[in-house]
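# Per-entry structural report
Listed below, chain by chain, are the residues.
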There are 2 protein chains.
Amino acid sequence: MPDATIEKIVLIGAGNVGTHLALRFKAQGLVPLQVFSRKITKARKLGKAIGTAYCNQLESIIPDASIYILAIHDGAIGELAQKLSQYIHEKALVVHTSGATPSTVIKKHFKNYGVFYPLQTFSINRKANFNEIPICIDAPRVALRKKLEQLGKILGPKVQRVSDKERAILHVAAVFVNNFTNQFYTIADTILTKENITFELLKPLIQETARKIEKDKPEDMQTGPAIRGDQATIARHLEYLEKFPEYKKLYALVSKSIIKEHS
Amino acid sequence: MPDATIEKIVLIGAGNVGTHLALRFKAQGLVPLQVFSRKITKARKLGKAIGTAYCNQLESIIPDASIYILAIHDGAIGELAQKLSQYIHEKALVVHTSGATPSTVIKKHFKNYGVFYPLQTFSINRKANFNEIPICIDAPRVALRKKLEQLGKILGPKVQRVSDKERAILHVAAVFVNNFTNQFYTIADTILTKENITFELLKPLIQETARKIEKDKPEDMQTGPAIRGDQATIARHLEYLEKFPEYKKLYALVSKSIIKEHS
C-alpha cells in the first residue's frame with residue numbers, strides 16, 4: 001500500500017503517456033484523485049476508464065493533492081505550471097513526464113518540482129509493460145526523490161535517478177533508436193509498396209535485429225555491405241536508389257558512418 | 001520425407017548462413033551429404049555437428065548430388081561456380097543464398113541454377129526461427145522452382161518465389177531495417193557509453209519500437225520532435241551533437257526525411 005504522502009495524485013493530461021500512467025496506477029491500486037485534460041471528451045473518457053473525477057478547467061483542479069503529474073506536450077509544460085500555481089497549494093510536488101524538457105521549467109513556479117519520465121514509446125491501443133519500462137526520476141531534494149521513487153515503484157521495478165543533463169542525452173539517443181529507426185522501417189515500407197513487394201517479408205528481420213542487441217553489443221552485431229567493404233553491392237544499391245534521391249543520400253551517409261565506426 | 005530428387009544436397013560454406021541451414025536441415029531429418037569450407041577447421045566442425053562428410057578441396061566434393069547450395073560471400077559465388085563446374089555433373093542444380101547477387105552469376109556455368117535466400121540476419125550463437133523466416137526462391141524453370149520450393153518447405157513454411165529484380169530491391173530495404181537500424185543502436189550506445197549512461201535503459205524502447213510495426217504501418221507509428229515539428233527540441237539535440245559531428249549530420253538528415261515523409 002502506498003503511504004499517505006503519495007496517495008493523492010492528480011494527473012494532468014490524457015494523451016498516450018497520461019492514459020498509460022492512469023491505467024497502470026489504477027491496476028496497481030492507486031487511483032488518481034482526478035484527471036485533467038483541456039478537452040473534456042478526453043478528460044471524461046479517461047476519468048470513466050479508471051473510475052475517478054475529471055475536469056477540463058484549471059480552476060476545478062483539486063488544490064490540495066500531494067503530487068501533480070504533468071503528462072503534456074513539452075512546449076506546454078512551463079505555461080501550464082505557471083497557471084497551475086494560481087490554483088493549487090504552493091507546497092505541492094509538481095513533476096513532468098518529458099524526456100526532452102529540463103525540470104527547471106517547473107522550478108520557476110513550484111519549489112517542490114521534479115521529473116517522472118517513463119522511457120518508452122506509448123501507443124493508445126498497445127499495452128505497456130511497466131515491468132520493463134525504466135522510470136527516470138529526479139528532484140532537487142532527497143525527500144522529494146524518495147517520494148518519486150516510491151511512486152515509480154508502484155508502476156514497476158525499474159526506477160532510477162537520472163539528472164536533467166543525463167535525461168537530455170538519453171533523449172537524443174532515444175530519438176536515434178526509436179524515431180530514426182522507425183523512419184527506416186517507413187522508408188523500407190515505402191520502397192517495397194511502390195514496387196509491389198510485401199513489407200511482411202521484412203518483419204522477421206526487423207524483430208531479430210532488435211532482439212540481437214538484448215544480449216550483444218550492437219557494434220558486434222553489424223553486418224551488411226558497408227561493414228564488409230562490399231563496394232559492388234553498395235554501388236548497385238545507390239544506383240537503384242536514383243529514383244529515391246532523398247533515400248540515396250541517407251544510404252550514402254549511414255554507410256559512411258558504419259565504415260567509419262568500424263575502421 | 002523429402003523425395004528422391006532433393007534428398008542429396010551438398011552445402012558449400014560453413015559460415016553463419018551455411019551453419020544455420022545445415023543445423024536446420026539436420027533437425028528436419030535431411031542431413032546434407034557433405035559440407036565444404038575452404039577452412040578445414042570450419043568444414044570439420046560443421047560436418048561433425050551434423051554427422052556428415054566434410055572437405056576443404058573442391059576435387060573432393062561429391063560429384064553427383066542433386067542440389068548444391070552455395071552459402072558463401074557474394075563476391076566469391078561466380079568464381080566458385082566456375083571452379084565447381086570442373087568437378088560436379090553438369091545437370092546439378094546449383095543455387096546461392098545471397099540477397100544481393102543475381103542468379104545469373106551461376107547461369108554462366110550451370111544451366112540448372114537458382115536462388116535459395118533465407119531473408120534473415122544470422123548469428124552463430126543465436127538460434128534461428130525457421131517457422132518465421134521467408135525463404136526466397138527462384139529458378140528459370142518450373143521444375144527447378146518446384147524442387148527449391150520443396151527444399152525450402154523442409155526448413156519452414158514461408159517459401160516464396162522472389163525474382164532477381166525483387167530480391168535486389170528487398171535487399172536494399174533490408175539494409176535500411178537491419179544494417180542501418182543497427183548502426184543507430186550503435187550510435188546510441190556510443191553516445192551513452194561516452195557519457196557513462198547505461199545503454200540498458202534504451203532496450204525496452206528498442207524492442208517496443210520493433211514490435212509496434214508487427215501490426216501497424218511504421219508510418220503511423222512515427223513519434224518524436226521531427227514529426228511534431230518541435231524545433232526547440234531539435235535545436236537542443238543538434239547543439240548537444242556538436243561533439244559528434246558525424247552523428248549531427250545524420251540527425252539533421254533523418255529529421256528532414258521524417259518531416260518530408262509526413263508533410
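This structure is a prediction, so every number in the text was calculated from the model and none was measured.

### Comments concerning the sheet that holds strand β4 (residues 67-70) of chain B
Residues and elements named next belong to chain B.
- Pairing in this open sheet of eight strands is mixed, and the strands run β3-β2-β1-β4-β5-β6-β7-β8 from one edge to the other. Each of the sheet's edge strands pairs with one partner strand only, and the pair in question is β3 (53-55) and β8 (159-161). Direction aside, the axes of adjacent strands within the sheet are offset by 25 degrees on average.
- Pairing of β4 with strand β5 (residues 93-96) involves four bridges; the strand directions are parallel.

### Some points on the side chain of Q34 of chain B
All names here are of chain B.
- With respect to the element layout, Q34 can be found in strand β2 (residues 34-36).
- Overall, Q34 belongs to the buried group, its relative accessible area being 4%.
- At a separation of 2.9 Å, a polar atom in the side chain of Q34 contacts the main-chain amide nitrogen of I62.
- Once residues within four sequence positions are removed from consideration, Q34 is found in contact with I9, V10, L11, T52, A53, Y54, C55, S60, I61 and I62.

### As for the packing of aromatic side chains
- On inspection of all chains with the given rule, the structure shows 19 aromatic pairs over all chains.
- Seen in terms of ring centroids, F176 of chain A and Y247 of chain B are 6.5 Å apart; in terms of plane orientation they differ by 65 degrees. Their pairing is edge-to-face. One end of the pair, F176 of chain A, is in helix α6 (residues 164-194); the other, Y247 of chain B, is in helix α11 (residues 245-261), on a second chain. Here F176 of chain A and Y247 of chain B have matching classes, each one buried.

### Things to note about the nonpolar core
- Counting residues in hydrophobic clusters, the biggest one holds 78 residues, and the most contacted among them are F176 and L202 of chain A together with F176 and L202 of chain B.
- Residue contacts for F176 of chain A: discarding those within four places in its chain leaves T181 of chain A together with F184, I187, L241, Y247, L250 and Y251 of chain B.

### Observations concerning the side chain of Q207 of chain A
- Here Q207 of chain A is to be found in helix α7 (residues 203-212).
- Of the residues examined, Q207 of chain A reaches a relative accessible area of 9% and is grouped as buried.
- Beyond its immediate chain neighbours, meaning those up to four positions away, Q207 of chain A contacts A210, R211, I213 and E214 of chain B.

### Considerations on the domain arrangement of chain A
All names here are of chain A.
- Here chain A is described as being made up of domain 1 (4-162) and domain 2 (168-261).
- Counting from both sides, the interface comprises seven residues of domain 1 and, opposite them, four residues of domain 2.
- Here domain 1 and domain 2 share an interface that buries about 400 Å² over both sides, 71% of which is from carbon and sulfur atoms.
- Applying the counting rule to domain 1 against domain 2 returns zero salt bridges.
- At the boundary of domain 1 and domain 2, one finds zero residue pairs in polar contact (both at pLDDT 80 or more).
- Its residues assigned to classes, the side of domain 1 that touches domain 2 comprises five nonpolar, two polar and no charged.

Conventions and cut-offs
- Residues numbered from 1 in each chain as written.
- Chains lettered and ligands numbered in written order.
- Predicted model: local features only at pLDDT ≥ 70, side-chain atom pairs only at ≥ 80, totals over all residues.
- Heavy atoms only, no water.
- Pairing = 2+ DSSP bridges.
- Helix = DSSP H or I, 4+ residues; strand = E, 2+ residues; numbered from the N terminus.
- Axes fitted to C-alpha atoms, helices over the stretch in contact; angles between N-to-C directions.
- Buried < 20%, exposed > 50% of the residue type's maximum accessible area, 1.4 Å probe, protein only.
- Polar contact = N/O pair within 3.5 Å; in protein donor to acceptor, adjacent residues only side chain to side chain.
- Contact = heavy atoms within 4.5 Å.
- Phe/Tyr/Trp six-rings, centres within 6.5 Å; stacked < 30°, edge-to-face > 60°.
- Core = buried A, V, L, I, M, F, W, Y, C linked by side-chain atoms within 4.5 Å.
- Domains from an automatic or database assignment.
- Buried area = accessible area lost by both parts, 1.4 Å probe.
- Salt bridge = Lys/Arg side-chain N within 4 Å of Asp/Glu carboxyl O.
- Nonpolar A, V, L, I, M, F, W, Y, C, P; charged D, E, K, R; others polar.

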